[in-house]
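Take a look at the letters that make up each chain.
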Amino acid sequence: MMKSILATSLLALSLSACATAVPPVEVTRFHTANPPVSGTVAIEEMIGNPDISLEFRTYAAAVGNELQRVGFTEIREGRSDYQVLVGLQRSYRPSGPDRSGNPVSVGVGGSTGSYGSGLGVGIGINLAGKPKDYITTEMRVQIRRRGDSQAVWEGRAITSAKEGTPAAQPNMAAAKLAAALIGGYPGESGRTITVK
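Owing to the predicted nature of the structure, the values given are computational and were not obtained by experimental measurement.

Undergrad: Please clarify how the nonpolar core should be interpreted in this entry.
TA: Ranked by internal contacts, the top residues of the largest apolar core, which has 29 residues, are Val63, Val84 and Met139. Looking at this core, the elements that each hand over two or more residues are strand 1 (25-31), strand 2 (39-45), helix 2 (53-69), strand 4 (82-93), strand 7 (134-145), strand 8 (151-162) and helix 3 (170-182). Among the elements that take part in this core, helix 3 stands out by supplying seven residues, more than any other. Those residues in contact with Val84 that lie beyond four places of it in its chain are Val41, Ala42, Ile43, Glu44, Val63, Leu67, Val141, Gln142 and Ile143.

Structure representation (structure tokens):
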């Protein structure tokens, strides 16, 4: 009996850790009245995208996988029906107060009263170190008709995760952002939603 309770508790704990490992994604989409639902696509880097070659390929592959799930076919050679432009940006935001100063603090206190007087000294040592920064990742995707370069669908997805966590790693962030952005394609135009 005790083993089954322990096993159930461990399973619930591990599942809750998995559920909180990936933060929610904020998604905004825009599209024409009749966005395409099939056709061939070639994925390219958006103009002005920072040069992050290997990381870009991770995000481009995630976008390609999601587009194939909703009905498109990715091609690497030849002329595609649609050009898919992918751009991404990662920024860092500090979390918590700056602890770059002295990690040791000293406090002195004294008291007097009817039972005598006293003097106390307290020493605090911060062993936690500097708090980790948050990494905000934004992915932008635009689908353009190859014939006239008309944008027929575009969207952006943004998420934040603490530096050093699995959710901040490019492969996990890429998969989560692409699934949130392209899942439910084409989505409601002009509305920002949160995907958990």
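Undergrad: Help me understand the environment of Ser80, please; the structure alone is not making it clear to me.
TA: Position of Ser80 relative to the elements: it lies in the loop between strand 3 (72-74) and strand 4. Looking at Ser80, the relative accessible area reads 4%, which means it is buried. As a C-alpha pair, Ser80 and Gly39 span 41 residues in sequence and 7.9 Å in three-dimensional space. Among all residues touching Ser80, those that are not within four sequence positions of it are Thr40, Val41, Ala42, Ile75 and Arg146. Polar contacts involving the side chain of Ser80 include one to the main-chain carbonyl oxygen of Tyr82, which spans 2.7 Å. In this structure the side chain of Ser80 is engaged in a polar contact, spanning 3.0 Å, whose partner is the side chain of Arg146.

Undergrad: Just checking my understanding: could you explain helix 3 for this structure?
TA: Residues spaced three or four apart along an α-helix face the same direction, because each turn holds 3.6 residues. In a regular helix each residue adds 1.5 Å, so 13 residues correspond to 18 Å; helix 3 covers 18 Å between its end C-alpha atoms and thus fits that length. Among the residues of helix 3, Ala173, Ala174, Lys176, Leu177, Ala178, Ala180, Leu181 and Ile182 are the ones counted as buried. Of the surrounding secondary structure, the elements contacted by the buried residues of helix 3 are strand 1, helix 2, strand 7, strand 8 and strand 9 (192-195). At the exit of helix 3 stands Gly184, carrying a positive phi of roughly 75 degrees.

Undergrad: Explanation requested: the sheet that holds strand 3 in the structure shown.
TA: Here seven strands make up an open sheet; going across it, the order is 3-2-4-7-8-1-9 and the pairing mixed. Only two strands of the sheet have a single partner each, and these edge strands are strand 3 and strand 9. Direction aside, neighbouring strands of the sheet carry axes that sit 25 degrees apart on average. Helix 2 rests against strand 2, strand 3, strand 4 and strand 7 of the sheet, and its axis sits at about 130 degrees to strand 4.

Undergrad: In this structure, what is going on with the pattern of salt bridges? I would like to understand it.
TA: A side chain of one charge can pair with a side chain of the opposite charge if their charged atoms are brought near each other. For the coordinates displayed, the defined rule picks out seven salt bridges. Arg69 is the salt-bridge partner of Glu66, the closest N and O atoms lying 3.1 Å from each other. Here Glu66 and its partner Arg69 are both found in helix 2, three residues apart, which amounts to about one turn of the helix. Judged by relative accessible area, which is 10%, Glu66 ranks as buried. Taking the relative accessible area as the measure of exposure, Arg69 reaches 66% and is therefore exposed. For the salt bridge of Arg191 with Glu188, the shortest nitrogen-to-oxygen distance reads 3.3 Å. The exposure class assigned to Glu188 is partly exposed, which follows from its relative accessible area of 49%.

Undergrad: What should I look at first to understand the environment of Arg140 in this one?
TA: Relative to the helices and strands, Arg140 resides in strand 7. Taking the C-alpha atoms as reference points, Arg140 and Leu88, separated by 52 residues in sequence, lie 6.1 Å from one another. Leaving out residues up to four positions away in the same chain, Arg140 has contacts with Met46, Asn49, Leu85, Val86, Gly87, Leu88, Gln89, Gly155 and Arg156.

Reading guide: rules and limits
Residues numbered from 1 in each chain as written. Predicted model: local features only at pLDDT ≥ 70, side-chain atom pairs only at ≥ 80, totals over all residues. Heavy atoms only, no water. Core = buried A, V, L, I, M, F, W, Y, C linked by side-chain atoms within 4.5 Å. Buried < 20%, exposed > 50% of the residue type's maximum accessible area, 1.4 Å probe, protein only. Helix = DSSP H or I, 4+ residues; strand = E, 2+ residues; numbered from the N terminus. Contact = heavy atoms within 4.5 Å. Polar contact = N/O pair within 3.5 Å; in protein donor to acceptor, adjacent residues only side chain to side chain. Expected span 1.5 Å × (residues − 1). Pairing = 2+ DSSP bridges. Axes fitted to C-alpha atoms, helices over the stretch in contact; angles between N-to-C directions. Salt bridge = Lys/Arg side-chain N within 4 Å of Asp/Glu carboxyl O.

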